[in-house]
Amino acid sequence: MLDFQPFAGTPSDGTASDPTIRPMLRPDRSAYIGIRQAIDFRGNGRSDYFLCHASDDSAIRVPCRVLRPQDDGSLTEITRQFFGQGALPNSVSTSWIVAGDFNGDGRPDVFVAGFGRDVFPFDGERNILLISSNDGTYTDRSSTLPQAAATAYSSCAGDIDGDGNLDIYVGNFANSPAGPYFLLGNGDGTFTPAAGRLPPEVVARQTGFQAASCKLVDVDRDGHVDLVLGIFNPTDSSFILFNDGTGDFTKRPRYVLPPGPLAGGPHENYDLVTRDINRDGYPDLIFMSGSVPDYRSFGLQILINRGDGTFVDETAARLGGPGAGKFGQYCASIGIADLNGDGWEDLFCRHSNNWDAAVPRFWISNGNGTWTRVASNPPLPAKVISGSFDAIDLDGDGRPDLVWVAPTDIGDVAYASFQNRAPRTVPSEPIIGQAVTGNRRVTIAFKPSLASGASPIANYTAICTAGAQTGTITASATGSPITVDNLTNGKLYTCVVTAGSASGISLPSASVRVKPSTPPVVKIAAIEYFHAAFEHYFVTDIADEIAKLDSGTFAGWARTGKSFNVFASAGAPASTVRVCRYFSTTFAPKSSHFYSALANECDGLLSNPNWQFEGYVFNVALPAGDGGCPAGYAPVYRVYNDGKGAAPNHRFTTDLAVRGQMLAQGYLPEGYGIGVSMCSPN
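Everything numeric here is computed off the predicted structure, so don't read it as measured data.

Asks: Outline the overall build of the protein, listing residues and values.
Replies: When you go through the protein residue by residue, the secondary structure sums to 7 helices and 51 strands. A compact globule built from 682 residues should have a C-alpha radius of gyration of about 26 Å, and the protein, at 26 Å, falls within 12% of that. With respect to the three principal axes, the spread of C-alpha positions in the protein is 80 × 60 × 50 Å. Per-residue burial for the protein yields a buried fraction of 55% across its 682 residues. Contacts in the protein between residues at least 24 apart in sequence constitute 58% of all its contacts with a sequence separation of at least 6. Working note: accessible area of the protein is about 25900 Å², and carbon and sulfur atoms make up 52% of it. Side-chain charges of the protein comprise 51 positive and 68 negative groups, with the mean position of each set lying 2 Å from the other.

Asks: Before we move on, could you go through the state of the cysteines and cite the residues and values that matter?
Replies: Tallied over the full model, the rule gives 6 disulfides. Sulfur-sulfur distance for the disulfide between cysteine 52 and cysteine 64 comes to 2.1 Å. Taking the sign of the S-S torsion, 95° for the link of cysteine 52 and cysteine 64, the bridge is right-handed. Placement of cysteine 52 in strand 6 (residues 48-54) and of cysteine 64 in strand 7 (residues 62-69) is noted, with a sequence separation of 12 residues between them. Judged by its relative accessible area of 0%, cysteine 64 falls in the buried class. Residue pairing for cysteine 629: its cysteine sulfur links by disulfide to cysteine 679, the two sulfurs lying 2.1 Å apart. Disulfide cysteine 629-cysteine 679: torsion about the S-S bond near -85°, hence left-handed. On the criterion of sequence distance, the pair formed by cysteine 629 in the loop between strand 47 (612-620) and strand 48 (633-640) and cysteine 679 in strand 51 (residues 676-681) is long-range, its members being 50 residues apart. Using a relative accessible area of 24% as the deciding quantity, one classes cysteine 629 as partly exposed.

Asks: Any details on helix 7 (residues 656-664)? Residues and values, ideally.
Replies: For helix 7, the complete set of buried residues consists of Val658, Arg659 and Met662. Projected down its long axis, helix 7 carries its buried residues within an arc of 105°, all on one side. Along helix 7, the residues that are exposed and aim more than 90 degrees away from the buried face are Leu656 and Ala664. For helix 7, the capping residue at the N-terminal end is aspartate 655, with a side-chain oxygen 2.8 Å from the backbone nitrogen of alanine 657. Positive phi shows up at glycine 666, right after helix 7, with a value of about 100°.

Conventions we followed
Residues numbered from 1 in each chain as written. Predicted model: local features only at pLDDT ≥ 70, side-chain atom pairs only at ≥ 80, totals over all residues. Heavy atoms only, no water. Helix = DSSP H or I, 4+ residues; strand = E, 2+ residues; numbered from the N terminus. Rg over C-alpha atoms; globule rule 2.2 N^0.38 Å. Buried < 20%, exposed > 50% of the residue type's maximum accessible area, 1.4 Å probe, protein only. Contact = heavy atoms within 4.5 Å. Areas by Shrake-Rupley, 256 points an atom, 1.4 Å probe, with all protein chains shown as cover. Lys, Arg positive; Asp, Glu negative; His and termini not counted. Charge placed at Lys NZ, Arg CZ, Asp CG, Glu CD. Disulfide = S-S within 2.5 Å. Arc of directions from axis to C-beta. Polar contact = N/O pair within 3.5 Å; in protein donor to acceptor, adjacent residues only side chain to side chain.

Okay, here's the thing in C-alpha cells:
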C-alpha cells in the first residue's frame, strides 16, 4: 500500500528561491526545468536535488542549481553554497546527469551531457563537468572537456579499463560532427578522450546503431563492465557491446536484445535501469520506450539475465499478463525505489507532462520480482500526478518521500512534497562512508540504516564481488566498520552493505569500488590553524586543504606553527586505529570539525543530524587508560572550548605548555589520564 500525505504542520506547496538565480527566456517566460536527479552530495543518505534548466533559444544559456531537502519537507536553495557567487554552470538544454567519484575524494562529482536546442539544425553544445573540493564546494571544469559542440543524447559511467578510475561514455547523436566516444578517467577529475574502442557502425551512427540510453554494467560477470545501448530507431532492437577486459568493445560480437513492447512502430528506448530483479546475483534490465514523434504512449520491458550476459523477455510474467508492458500515456523516465518499505524496489513514472491523473502511475513489488500497478492512496494532487516528480528521503526517516518541482513565473522553483507514511517492514539501506584497502582486505565504514523496520537490526553484511570468475566474498558484523578479508591484491571489487533483521534484509547500499594492495607505511604531519574571528582551531593532513588554507582560499585561517605526526590510513601499522572526522554548519556562521580515535565517539555521532561524517582521515595509536602512549609515540592532548562563542571547538596538541595555556582560558581536558585522546608517532 502507498500512503503519501502532505508533511504535518507545513504547507504542501512552497518555493525555493535565490534572487540571483532567476533564469528567464523572455520577460513573461521563465526557463523550463529540464533534467533533474537526486544526488547524495554529503554521503549521509540525505540526497540533494540537482537540476538543470532548459532553454528554447540557442542564444540563451540557463543554469543548473541545487536544492536541499529539510526535515519538514521543504526545499532550500543552496546553489551559491555549492558554486560561489560567480557564473553558474549553464547550458542551453541537457540530456543526462551522471554522478560518480571522478577525482577519488569519496564525494560524488557530476557530468552533464549537453544536447542544445532540440530543433533543426540541432547545433549542439558542450558538456558540463563539476568536480568536488574538500570544503564541499564544486568547481566547473567543463573547459577541460572536448569543446566542440555536439548533441549528446545519452551518457553513463563505469570503469571500462579496470584502472580503478571511472570513465564516461558520451553518446553523441546523429547531428553531431563526431560520434559516440569514451572519456577515460585519470583519477584526478580530468579525462582523456579515447577513440577506437567502439564498433565503427556505432561511431558512424548507422541505422539501427544510434542510442538514446546507455548503461555500463558487467552483465556477464567476468569482472569487466559491458555497454548496454537502448536504440533510437523505428524497428531495430537494443543491444549489448561486450568489454574484452581492456576497455575495447569491438572485439566480441554484439548481443541483440529481445524487441520491446513498442517494436514495429517508431519509438525510442529513452531510459534504462539495471537491478538484480530475481536476486540471482546477475544484473537484469528495465527499459522504458516511447512512441515517436507523438510521444503519446510508452512501454516497459523487463529483461532477465540468463546468467551468461544474454537475456529473456519476462515482461508479461512480471508486470501482469500479455500487453502489460504497453501503456497509453507519455512517460520519459522510470523511477525505482522501495516505496512501501518491504525491501523490494518499486517502479514509477518519474517524468511526464500530460499524464492522466485518473490512471495509476506506480508499480508496487509483490516481494518476488513481479509488480502490480497501483494508485497512491490517498490520491496525489492532479498537478503532481500529471507532471514530474522524484522519490527522495526528505526527512531522513529511511523512507523515500515524493517531491514535485516546476518553474515559477519569475524563475524560482515551486515544489510540492509528500511524506511517505507507509511503515517499513525491513531495514532501510546502510550508507557507506568510506572504504580503506589493505593487504588482501578492505575495511568499510558505514552509517547505520536510518530505519530498522518491524524488528531491530541484528547484523550488517558486506558483499564484495569481482565477477563470476573470482566469486563473491562476504563478511558480517553487528555494526560499522566491517572488514572483508581474503581478497585478491590488484583486483577491482565492487562492495555493498546490507542490513538484516528478523523481518528481512534491506536493499543493498550504494556500491563502492576498491582494489586491495600492500601499501607502504606513510607518516605525515597534521598542520594546525587558527581562525581569530571564530576563535577556532583546526588540524588537517590533507594536502589540498593545506594549500587552500595557506593561500587564503579558506579565508581567516593562519598557521599556529604547531603540528603533530599521523599515519596515512592506507598502509598504517596494524597496531593503530583510524581517526574519524565530522563537520557541522549547525552553528553558522561558524563551522566546526571534530576528530576522534575512539570507536564509540565515531559511531555515536553517526546518528546525530547536526554532524556530517566526512570519513576516516588518518591513523594514530590509542593511549592506555592512564593516558600513557606506546614507545615511539607522543601523547596528543585534547581540550574543549565548552561551547564558547556558541560553537563547539576542540584543540589537539602534543605541547604540554599549550595544553596548560588552554586550560587557563577555560578549556576542558578530554581523554584518558590528564586528557590524552590519541598518540602521535614520533
